[in-house]
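Analysis of the macromolecular model
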Number of protein chains: 2
Amino acid sequence: MPDPAVHVRDATRDDVPRIVALYRTDELTRKHGDDSRADIEPGYYATFEAIENDSRNRLLVAEVAGEIAGSFQLTYVPDMQPDGRDVAIIENVIVDASARGSGVGSAMMRWAVEEARVHGCSQIKLTSNTKRTDAHRFYERLGFETTHVGFKILLTS
Amino acid sequence: MPDPAVHVRDATRDDVPRIVALYRTDELTRKHGDDSRADIEPGYYATFEAIENDSRNRLLVAEVAGEIAGSFQLTYVPDMQPDGRDVAIIENVIVDASARGSGVGSAMMRWAVEEARVHGCSQIKLTSNTKRTDAHRFYERLGFETTHVGFKILLTS
């Protein structure tokens, strides 16, 4: 049953500093040491606008008692396999360290699965760094099955 | 060095039956037994149009001597991590069984990596079914690193 204390909504431009600060709390993806507002590069706002203006992308935040405790991104990809329905992809799942274990992450993922179902997607998928073994158990408890191996090449700018 | 005999281009509407027929040759994703043109559901064309009309999605085909020998999809996802640049995702990689080992798959993937680089992406990624161990070695030879575990939930229509 979804936790009624967790409210998932689309992010607004004013949420960008908080979302970036959340990303920076994550050891595996952290690129910056300073999460102060002054350090928010214009590039983050440009990317936020790209998401906001694209009907196939949504940046979501989860609020608990009016404070943002987590975030994730949902992307709908048109896909000819297996049957022409969109595929939903979850990216950039982050929960504030102080809120972990409180059900915020579960509430976000249940929300995402239900949203993908309502959207008419054939499947919802995500990848999780091989080092995040706790996260893997978390996704399995939510009904996700390990089906794929994720590969990547980092590109220099 | 890219194989000059392999020509990668955007798919056209006329290519849809051939692409769907290619998908159906794949044991892991095959859903249909009949690859005749009459069996091409209108839904595939609707999905093709969704891809064609979306600036963040491209359906590509690889031609050898004027015949389509492979296909894949490229999706650009706006991503606030790590630095606001798009992430490129490769999906639905398929090579005609008779063309495997001839360099078509390598040419397609090298084309995709170069295209993502020119587009300004921070990374290019894909997932491959855990059962496709040959494909995993293929991606590793191309410079892809295994970094993630892929999870999914299938949704009923």
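Residues numbered from 1 in each chain as written. Chains lettered and ligands numbered in written order. Predicted model: local features only at pLDDT ≥ 70, side-chain atom pairs only at ≥ 80, totals over all residues. Heavy atoms only, no water.

Our focus in this paragraph is the overall build of chain A. Across its full length, chain A carries four helices and six strands. Within chain A, buried positions represent 53% of all 157 residues. Long-range pairs, those at least 24 residues apart, make up 58% of the contacts in chain A between residues at least 6 apart in sequence. About 7,400 Å² of surface is accessible on chain A, with carbon and sulfur atoms providing 49% of the total. (Helix = DSSP H or I, 4+ residues; strand = E, 2+ residues; numbered from the N terminus. Buried < 20%, exposed > 50% of the residue type's maximum accessible area, 1.4 Å probe, protein only. Contact = heavy atoms within 4.5 Å. Areas by Shrake-Rupley, 256 points an atom, 1.4 Å probe, with all protein chains shown as cover.)

Listed as interface residues are 61 residues of chain B and, on the opposing side, 61 residues of chain A. Interface area, chain B with chain A, both sides summed: about 5,800 Å², of which 58% is carbon and sulfur. On the chain B side of the interface with chain A, the three residues burying the most area are B:Met80, B:Phe151 and B:Leu155, jointly 17% of the side's total. Counting across the chain B and chain A interface gives four salt bridges. Linking chain B with chain A are 32 residue pairs in polar contact (both at pLDDT 80 or more). (Buried area = accessible area lost by both parts, 1.4 Å probe. Salt bridge = Lys/Arg side-chain N within 4 Å of Asp/Glu carboxyl O. Polar contact = N/O pair within 3.5 Å; in protein donor to acceptor, adjacent residues only side chain to side chain.)

This brings us to the confidence of the model for chain A. Regions with low pLDDT should not have their predicted coordinates read in detail. Mean pLDDT over chain A works out to 90, with 90% of the residues at or above the 70 mark. Here the complex is predicted with pTM 0.92, and the ipTM for its interfaces comes to 0.91. (pLDDT = per-residue confidence, 0-100.)

Next up on the list: helix α1 (residues 16-24) of chain A. Residues and elements named next belong to chain A. A large share of α1 lies buried, amounting to eight of its nine residues. Taken together, the buried positions of α1 are Val16, Pro17, Ile19, Val20, Ala21, Leu22, Tyr23 and Arg24. Where α1 is buried, its residues contact α2 (42-52), β2 (57-64), β3 (67-77) and β4 (87-95).

This part is about helix α3 (residues 104-119) of chain B. Residues and elements named next belong to chain B. With 16 residues, α3 should reach 22 Å at 1.5 Å per residue; the first-to-last C-alpha distance of 22 Å fits that figure. Regarding α3, the residues found buried are Val104, Gly105, Ser106, Ala107, Met108, Met109, Ala112, Val113 and Ala116. Note on α3: the residue one or two positions beyond its end, Gly120, has a positive phi of about 90°. (Expected span 1.5 Å × (residues − 1).)

All names here are of chain A. Between α1 and α2, whose axes approach to 10 Å, the crossing angle comes to 105°. In this view, α1 runs roughly perpendicular relative to α2, as classed from their interaxial angle. Two secondary-structure elements touch here, α1 through Val16, Pro17, Val20 and Arg24 and α2 through Tyr44, Tyr45 and Phe48. (Axes fitted to C-alpha atoms, helices over the stretch in contact; angles between N-to-C directions. Parallel < 35°, antiparallel > 145°, perpendicular 65-115°, else oblique.)

Attention shifts here to the relation of the copies chain B and chain A. For the pair chain B and chain A, the best superposition has an RMSD of 0.0 Å and corresponds to a rotation of 180° with a translation of 0.0 Å parallel to the axis. What the superposition gives is, in effect, a two-fold axis relating one chain to the other. In terms of C-alpha distance to the rotation axis, chain B has B:Val149 as its closest residue, with the C-alpha 2.5 Å off the axis. The overlap is high: 100% of the interface residues of chain B also sit at the interface in chain A, so the same surface is used on both sides. (Least-squares fit on C-alpha atoms with pLDDT ≥ 70 in both.)

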